[in-house]
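One letter stands for each residue in the lines below.
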Amino acid sequence: MAANPDACLVIPLYNEATVVGDIVRQAREAFDNVVVVDDGSSDDSAAAARRAGALVVQHPVNLGQGAALQTGIDVALRLAGVEYLVTFDADGQHRLDDAVEMVRRLRRDEADVVFGSRFLDGRTQATPLKRTVLRAAVVYSRLTTGVRLTDTHNGLRALNRRAATSFRIRQNRMAHASEIIAKVGSSDLRWVEHPVHILYTDYSRSKGQSVLNAVNILTELLYR
Amino acid sequence: MLIKILLLIAILAIAGLGLRAPSGARHLAFRRIAVVAFAGLAALSVIFPEAWNAAADWVGVGRGTDLLLYGLIVFTFASMATTYRRFRELEQRFTELARRLAVDEAVGPRLTAPAPGAVDDAGDDGRTS
């Protein structure tokens, strides 16, 4: 069964052995092409992803999520027939329905980049502290990049081939989210936001980013 | 009073230095000039230790040793900033290397030969230096 043969899911993976198998299996039902970039996991995440049917690329050492995304984009661009790329998290917080719908919008040529946003509707439940930090990131991003997004740190994005080849992610760690927005903002790429639902499961919460990480991101953006 | 202005200028300059991308050969040359100047200054300090007192007096610091301490702090900060920058640059190269390994292992090196005169873009991030 061919499912979205013109699209490829790019999933950065770091020590998610307990869930990645299921995530990839479900993803493969919606997308023929699933590229998983194992960022030097110390557990058997890579083997689990491979068993579930993903094309697994393994970083020899841990480089960071931004680096993993760029590697995944490089590989996806080399797959024949792939016109659309979707960045997707390995911890199960994104919904495949959202990804499919975002690709559909690219196919209709509504934009070159579709950013997922959890704040376009009221579905997503985030803690007040998380909400505040994410809001601050939105304000900062608007001031520095001029791109008026409602959610700047959402791992779910869809790009067409033109967008994916037009920039390279140089922020290896978490600052890549802001970097992508800045690069889209300074290019002539057309972008839209798409409402997505983030599933904050106990697992994703336990793996989630500490809000203190905002300090690291800010430093990396300033002193690149 | 003069010392306050000098120190503030030095601190701001170094903090700003970290923001700029390093520029290859020029950056290296400055680094080497700085090392030679440092050695020269150290030698002069040994021969004319009282010169520090005179300099301290001129910028409004009590003793030469205090001035030396201030200088040391500024120097430490500067070397922190340049080290951070060099580190980021190295990390970038290291990333490209690891990425190339990972991609070649997963999908194999590009087997299609590039057209004559064409530049193979695999693993090239557009930098020429």
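Residues numbered from 1 in each chain as written. Chains lettered and ligands numbered in written order. Predicted model: local features only at pLDDT ≥ 70, side-chain atom pairs only at ≥ 80, totals over all residues.

Draft legend 1. Main features of the overall build of chain A. Broken down by element type, chain A carries 9 helices and 7 strands. For chain A, whose C-alpha radius of gyration is 16 Å, the value lies close to the compact-globule estimate of 17 Å for 224 residues. By the burial criterion, 45% of the 224 residues in chain A qualify as buried. Here the contacts in chain A between residues at least 6 apart in sequence split such that 76% fall between residues at least 24 apart. (Helix = DSSP H or I, 4+ residues; strand = E, 2+ residues; numbered from the N terminus. Rg over C-alpha atoms; globule rule 2.2 N^0.38 Å. Buried ≥ 20, exposed ≤ 12 C-beta atoms within 10 Å, placed from the backbone. Contact = placed C-beta atoms within 7 Å.)

Draft legend 2. The nonpolar core, seen in detail. Ranked by internal contacts, the top residues of the largest apolar core, which has 59 residues, are A:Leu9, A:Val10, A:Val35, A:Val36, A:Leu85 and A:Val86. Among residues more than four places away in sequence, those in contact with A:Leu9 are A:Ala27, A:Phe31, A:Asn33, A:Val34, A:Val35, A:Val86, A:Phe88 and A:Ala99. (Core = buried A, V, L, I, M, F, W, Y, C linked by C-beta atoms within 7 Å.)

Draft legend 3. Representation of the interface of chain A and chain B within the structure. At the interface, 18 residues of chain A touch 15 residues of chain B. At the level of secondary structure, the elements contributing two or more residues to the side of chain A that touches chain B comprise strand E3 (55-58) and helix H3 (65-77) of chain A. Residues that form the side of chain A that touches chain B fall into these classes: 10 nonpolar, 4 polar and 4 charged. (Nonpolar A, V, L, I, M, F, W, Y, C, P; charged D, E, K, R; others polar.)

Draft legend 4. Representation of the sheet that holds strand E4 (residues 84-87) of chain A. All names here are of chain A. Reading across the sheet, the 7 strands line up as E3-E2-E1-E4-E6-E5-E7 and stay open at both edges, with mixed pairing between neighbours. The sheet terminates laterally at E3 and strand E7 (191-195), the two strands that pair on one side only. For this sheet, the mean inter-axis angle between neighbouring strands, taken without regard to orientation, is 20 degrees. Here 5 bridges tie strand E5 (residues 113-117) to E7, and the two strands are oriented parallel to one another. In the sheet register, Val-113 faces E7, and the bridge partner there is Trp-191. Across the sheet, H3 is in contact with strand E1 (7-13), strand E2 (33-38), E3 and E4; its angle to E1 comes to roughly 150 degrees. (Pairing = 2+ DSSP bridges. Axes fitted to C-alpha atoms, helices over the stretch in contact; angles between N-to-C directions.)

Draft legend 5. Quick look at the packing of helix H5 (residues 128-145) of chain A against helix H7 (residues 176-185) of chain A. Residue and element names in this part refer to chain A. Orientation of H5 relative to H7, taken along the N-to-C sense of each, is 35 degrees, at an axis distance of 10 Å. In this structure, H5 meets H7 at a crossing whose hand is right-handed. Side by side, H5 and H7 meet where Ser-141, Thr-144 and Thr-145 of the first sit next to Ser-178, Ile-181, Ala-182 and Gly-185 of the second. Here the residues of the contact of H5 with H7 are counted per class, giving 2 nonpolar, 5 polar and no charged. (Left-handed = near helix turned anticlockwise from the far one by under 90°.)

Draft legend 6. Structural context of the confidence of the model for chain B. Residues and elements named next belong to chain B. Within chain B, residue pLDDT values average 81, and 80% of them lie at 70 or more. Ranking the elements of chain B by mean pLDDT puts helix H2 (residues 24-47) last with 86 and helix H4 (residues 64-107) first with 90. Of the two predicted TM-score estimates for the complex, the pTM is 0.80 and the ipTM is 0.82. (pLDDT = per-residue confidence, 0-100.)

Draft legend 7. The arrangement of the packing of helix H3 (residues 50-59) of chain B against H4(B) in detail. Residue and element names in this part refer to chain B. Where H3 contacts H4, the two axes come as close as 7 Å, and the packing angle between them is 80 degrees. When the interaxial angle is binned, H3 and H4 end up roughly perpendicular. Here Trp-52, Asn-53, Ala-55, Ala-56 and Val-59 of H3 lie close against H4, whose contacting residues are Gly-64, Asp-66, Leu-67 and Leu-68. In the contact of H3 with H4, the residues fall into 6 nonpolar, 2 polar and 1 charged. (Parallel < 35°, antiparallel > 145°, perpendicular 65-115°, else oblique.)

Draft legend 8. Highlighting the pairing of E4(A). Residues and elements named next belong to chain A. Across the two faces of E4 the burial is the same, with Tyr-84 and Val-86 and Leu-85 and Thr-87 all buried. In this sheet, E4 lies alongside E1 in parallel orientation, the contact comprising 4 bridges. Counted as the bridge partner of Cys-8 is Leu-85 from E4. Bridging between E4 and strand E6 (residues 157-160) involves 4 bridges; their strand directions are antiparallel. Bridge pairing in E6 links Thr-87 to Arg-157.

Draft legend 9. The arrangement of unusual backbone geometry in detail. All names here are of chain A. Of note in this structure, Asn-4 is not a glycine but carries a positive phi near 45 degrees. As for its placement among the helices and strands, Asn-4 is situated in the segment before E1. Its identity as a non-glycine residue notwithstanding, Asp-109 has a phi of 60 degrees, on the positive side. Within the fold, Asp-109 resides in the loop between helix H4 (96-107) and E5. Given 9 C-beta atoms within 10 Å, Asp-109 falls into the exposed group.

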